[in-house]
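Listed below, chain by chain, are the residues.
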Amino acid sequence: MLPQYKTLLVATDLHGNEGQVVRHALAHAHAWGSRFHLLHIVPQVPVAVQNDMAAVMGEDKLIAAEHEYENDMESQLRSQVQKLAAAENMAHNALASVQIHHGPVVNGILNQAEIIQPDLILLGNRGHSKWHYLFWSSVAQQIVKKSTWPLLLVPLRESRRSK
């Protein structure tokens, strides 16, 4: 029996090209009747920096600022999905949820996958230089190594349509 991709997890880093990955999620939604969860993990800020920020701003204001950021990002992502769906003449009801979480990015994505149990995880892959990989690995590389779910990696390069 062929796999059916009904539940998707779309992870984005909000570097401005998440639309490329969301378009693939919308295509799956159209073809398979899928619904997708859009996820952004805010990288963990070192405790010392958090403490300094709380000392300057006040802990209550810092917490309020974090909640405001999360609400703004959620609204921005929902709006982007609606615009992309409209541009493709599709209904935007394929979006099941928008989730913003804080913490280590790779573990955050995999933890949400454990909860959501997607049939497919979609990620953007920026394709850094060889020098970058000499010192760091990408989130996509780490997810490929650790994931037990099928993955779709979308190259986040200049659009082929614009060439």
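Structure: see above.
Residues numbered from 1 in each chain as written. Predicted model: local features only at pLDDT ≥ 70, side-chain atom pairs only at ≥ 80, totals over all residues. Heavy atoms only, no water.

*Asks:* Lay out the packing of aromatic side chains in plain terms, naming residues and giving numbers.
*Replies:* Given two aromatic rings, their pairing is described by the distance between the two centres and the angle made by the two planes. Within this structure, the stated rule accounts for 1 aromatic pair. Ring centres of Y5 and W32 lie 5.7 Å apart, and the angle between their planes is 80°; on these two criteria the pair is classed as edge-to-face. Here the residue Y5 occupies a position in the segment before β1 (7–12), and W32 occupies one in helix α1 (residues 18–32), the gap between them amounting to 27 residues. (Phe/Tyr/Trp six-rings, centres within 6.5 Å; stacked < 30°, edge-to-face > 60°. Helix = DSSP H or I, 4+ residues; strand = E, 2+ residues; numbered from the N terminus.)

*Asks:* A description of the nonpolar core should follow, citing residues and the corresponding values.
*Replies:* In this structure, L8, V10, V22, F36, L38 and L122 are the most contacted members of the largest nonpolar core, which totals 24 residues. Elements with a contribution of two residues or more to this core: β1, α1, β2 (35–43), α3 (59–87), β3 (95–103) and β4 (120–125). Excluding residues within four positions of it along the chain, L38 makes contact with V10, T12, V22, L77, V81, L95, S97, V98 and Q99. Formed by 13 residues, the second largest nonpolar core is a distinct cluster that contains L39, V106, L110 and L123. (Core = buried A, V, L, I, M, F, W, Y, C linked by side-chain atoms within 4.5 Å. Buried < 20%, exposed > 50% of the residue type's maximum accessible area, 1.4 Å probe, protein only. Contact = heavy atoms within 4.5 Å.)

*Asks:* How would you summarise a nonpolar patch on the surface if you had to cite specific residues and measurements?
*Replies:* A cluster of nonpolar side chains, contributed by V45, V49, M53, V56 and M57, occupies part of the molecular surface with about 400 Å² of accessible area. Structurally, M57 is set in helix α2 (residues 47–57). (Patch = residues over 30% accessible without salt bridge, like charges linked within 9 Å, V, L, I, M, F, W, Y side chains within 5 Å. Areas by Shrake-Rupley, 256 points an atom, 1.4 Å probe, with all protein chains shown as cover. Salt bridge = Lys/Arg side-chain N within 4 Å of Asp/Glu carboxyl O.)

*Asks:* Talk me through unusual backbone geometry; I want residue IDs and the actual numbers.
*Replies:* Its identity is not glycine, yet Q117 carries a phi of approximately 55°, on the positive side. Looking at where Q117 falls in the secondary structure, it is placed in the loop between α4 (105–116) and β4.

*Asks:* I'd like to hear about the packing of α2 against α3, residue by residue, with values.
*Replies:* The contact between α2 and α3 brings their axes to 6 Å, and the two run at 110°. With respect to α3, the element α2 is oriented roughly perpendicular. Contact residues: Q50, M53, A54 and M57 in α2; E59, K61, L62 and A65 in α3. Here the contact of α2 with α3 is composed, by residue class, of 5 nonpolar, 1 polar and 2 charged. (Axes fitted to C-alpha atoms, helices over the stretch in contact; angles between N-to-C directions. Parallel < 35°, antiparallel > 145°, perpendicular 65-115°, else oblique. Nonpolar A, V, L, I, M, F, W, Y, C, P; charged D, E, K, R; others polar.)

*Asks:* Could you give an account of the sheet that holds strand β5 (residues 151–155), naming the residues involved and the relevant values?
*Replies:* Overall, parallel pairing links the 5 strands, which are arranged β3-β2-β1-β4-β5 in an open sheet. Each edge of the open sheet carries a strand with a single partner, namely β3 and β5. On average, each strand axis in the sheet is tilted by 20° relative to the strand beside it, whichever way the strands run. Pairing between β1 and β2: 6 bridges, direction parallel. Looking at β2, one finds that T12 is bridged to H40. (Pairing = 2+ DSSP bridges.)

*Asks:* Give me the lowdown on the packing of α1 against α3, citing residues and values where you can.
*Replies:* Relative to each other, α1 and α3 sit at 60°, their axes nearing to 10 Å. As far as their axial angle goes, α3 and α1 are oblique. Between α1 and α3 the crossing geometry is right-handed. Contacts between α1 and α3 pair E18, G19, V22, R23 and L26 from the former with Q80, V81, L84 and A85 from the latter. Looking at the contact of α1 with α3 residue by residue, the class counts come to 5 nonpolar, 2 polar and 2 charged. (Left-handed = near helix turned anticlockwise from the far one by under 90°.)

Note that all results are geometric; they support no functional claim without further evidence.
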